[in-house]
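Remarks on the overall topology
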Amino acid sequence: MAGGFSLNEQSASAMGTANAGAAANPENATTVLFNPAGMSQLSGTNISFGAAVLDIDAEAKESSIRTSRNNPSVPVSPASSGGDIADPAVLPNFYLSHEINESIDVGFGIHAPYGLAADYDNDFAGRFFADKTELTAIAFTPSVSLNNGQGLSMGVGLNVLYAEGRLSRYQDISAQVGTAALALEEPYADAEGDDVGMTFRVGFLYELTSATQIGLTLQTGTELELEGDLEISGITNPSNPMGPTLSASESIKVPLAIPESATLGLRHSLTDNVTLLAGATYARWSRFEELDIVSTEAGGAVSGAPQEGAVISHVTEQWENSWQINAGAIWQASPEWAFKAGYAWDESPVNQYVTARIPSSDRHWLTLGAQWADAQSGWTVDVAVGTLLFTDDPRVNDRNYQHENPSEIAQLAPGVEDPSLYAAEYDLSAWSAAFEVSKSF
């Protein structure tokens, strides 16, 4: 959905056409998500539920890796590529719509709009910049739609987001203890937190002609604050460097920007059996400027800051606004069977600051789908498959981009620039598969 950590795989019926025209094509109850105004074109009670499997293969090319520590005379050892950093993920969804009367419909949805997961091997060459990165979000979406009986509908939805995240990495102590760091345990920092937030979605759907309609959805943004704890284990004891290690913890928060977005959809019935779909989504990812771990207590064991609000860890992101442009078609081969195909140009918001946590580039999304419907029983089954073709192998050039007021965990002397570096080129590929069952009552 215009790149970033948004997830495209919200519905098998829409995925079959790469989400093309989903804001103007209310096939079933999934319109609760794509355009709540579309509920006005559904009769009675409708449910849709299913799941998608998403598998991303991402690994640094070993021959491209360059590293240095905050003490350049100490090598990074061991220094592997970190392996395939992403495991397969399952993304469930459920949607319901109900017709109150000829003018009013209500609906509800549960889905996973945002997500991210990366986990490097323990001997990863860039482990001082990233180890585990996780974001899981679930949205609960009550919605209502109104129509004027003359081809115009409007819908409003509330997205109640629950999100939890995790950021971890090893700490580089070579600036403090020099080559002795090679024999000591590397401290490990692990931050976890969660939060609840809300965004709003407004949708419009208008029938231009009996064969053509246009849909528009607008969604507000928000900023979550994932509150939790930062725990550091394996801290070297200054009075006994070779002895037992220490640990420390501190209450923290991680601000996370969720972008505004706008989606336009078009649907045109070319013939009785062929439907053409097109759409575009614009997302304001420029809201995501930095990834900070911020202390929420005074005199914490990690930061030692006299008051809360100290930035313990900072990564510059500076994402850019991005587009997704999609097109698709549906061929109704028989009363029971329909076949779908779709394409999307999915622009990545990651540009100047490509980090080991989120190696990304622009991509092409190709999908195929099939739908079986039994008119007598009202049951419909959709399946879809898709693949992402990345335009470039992203080049990570990760440094400790210092905050204007840093209190870094592995801090150098004031005013000294950290020479730490992790640079590599990544191989990326991805595929997905989804199924969905719908019923009209």
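This section reports on the structure supplied with the text. Values in this document were obtained by computation on a predicted structure and should not be read as measured data. (Residues numbered from 1 in each chain as written. Predicted model: local features only at pLDDT ≥ 70, side-chain atom pairs only at ≥ 80, totals over all residues. Heavy atoms only, no water.)

**Topic: the overall build of the chain**
In terms of regular secondary structure, the chain is built from three helices and 21 strands. The C-alpha atoms of the chain give 24 Å as radius of gyration, which agrees with the globular expectation for 441 residues (22 Å, within 12%). Dimensions of the chain, computed from the C-alpha atoms along their principal axes, are close to 80 × 45 × 35 Å. Across the 441 residues that make up the chain, the buried fraction comes to 53%. Long-range contacts, defined here as pairs at least 24 residues apart, represent 73% of the contacts in the chain between residues at least 6 apart. Between the averaged position of the 18 positive side-chain charges in the chain and that of its 56 negative side-chain charges there is a distance of 3 Å. (Helix = DSSP H or I, 4+ residues; strand = E, 2+ residues; numbered from the N terminus. Rg over C-alpha atoms; globule rule 2.2 N^0.38 Å. Buried < 20%, exposed > 50% of the residue type's maximum accessible area, 1.4 Å probe, protein only. Contact = heavy atoms within 4.5 Å. Lys, Arg positive; Asp, Glu negative; His and termini not counted. Charge placed at Lys NZ, Arg CZ, Asp CG, Glu CD.)

**Structural notes on the side chain of glutamine 10**
Relative to the elements of secondary structure, glutamine 10 occurs in the segment before α1 (12–15). A polar side-chain atom of glutamine 10 sits 3.0 Å from the main-chain carbonyl oxygen of leucine 7. Among the polar contacts made by the side chain of glutamine 10, one reaches the side chain of histidine 111 at a distance of 3.0 Å. Apart from residues lying up to four places away in sequence, glutamine 10 is in contact with Leu33, Phe34, Asn93, Tyr95, His111, Ala112 and Pro113. (Polar contact = N/O pair within 3.5 Å; in protein donor to acceptor, adjacent residues only side chain to side chain.)

**Details of the packing of aromatic side chains**
If you walk through the whole model with that rule in mind, you get twelve aromatic pairs. Pairing phenylalanine 5 with tryptophan 285 gives two aromatic rings, centres 4.8 Å apart and planes at 75°, and the pair type is edge-to-face. Residue phenylalanine 5 is found in the segment before α1, and its partner tryptophan 285 is found in the loop between β13 (274–283) and β14 (290–295); the two are separated by 280 residues along the sequence. Accessibility assignment for this pair places phenylalanine 5 and tryptophan 285 in one class, buried. Residues tyrosine 120 and phenylalanine 124 carry aromatic rings whose centres are separated by 3.8 Å and whose planes lie at 10° to one another, so their mutual orientation is stacked. (Phe/Tyr/Trp six-rings, centres within 6.5 Å; stacked < 30°, edge-to-face > 60°.)

**Here we look at a negative patch on the surface**
On the surface, Asp57, Glu59, Glu62, Asp84, Asp87, Asp121 and Asp123 cluster together into a negatively charged patch. Looking at where glutamate 62 falls in the secondary structure, it is placed in the loop between β1 (45–60) and β2 (66–68). (Patch = residues over 30% accessible without salt bridge, like charges linked within 9 Å, V, L, I, M, F, W, Y side chains within 5 Å. Areas by Shrake-Rupley, 256 points an atom, 1.4 Å probe, with all protein chains shown as cover. Salt bridge = Lys/Arg side-chain N within 4 Å of Asp/Glu carboxyl O.)

**With respect to the layout of surface pockets**
Reported here for the largest pocket is a volume of approximately 980 Å³. Those elements that place two or more of their residues in the lining of the largest pocket are β1, β3 (89–99), β4 (104–111), β5 (115–119), β6 (132–147) and β19 (379–390). Looking at the lining of the largest pocket, the element that brings in the most residues is β6, giving six residues. (1 Å grid on protein atoms, 1.4 Å probe; cavity = no way out; pocket = protein on both sides within 12 Å on 5 of 7 lines; lining within 4 Å. Points joined across faces, edges and corners; volume = space filled by probe spheres on them.)

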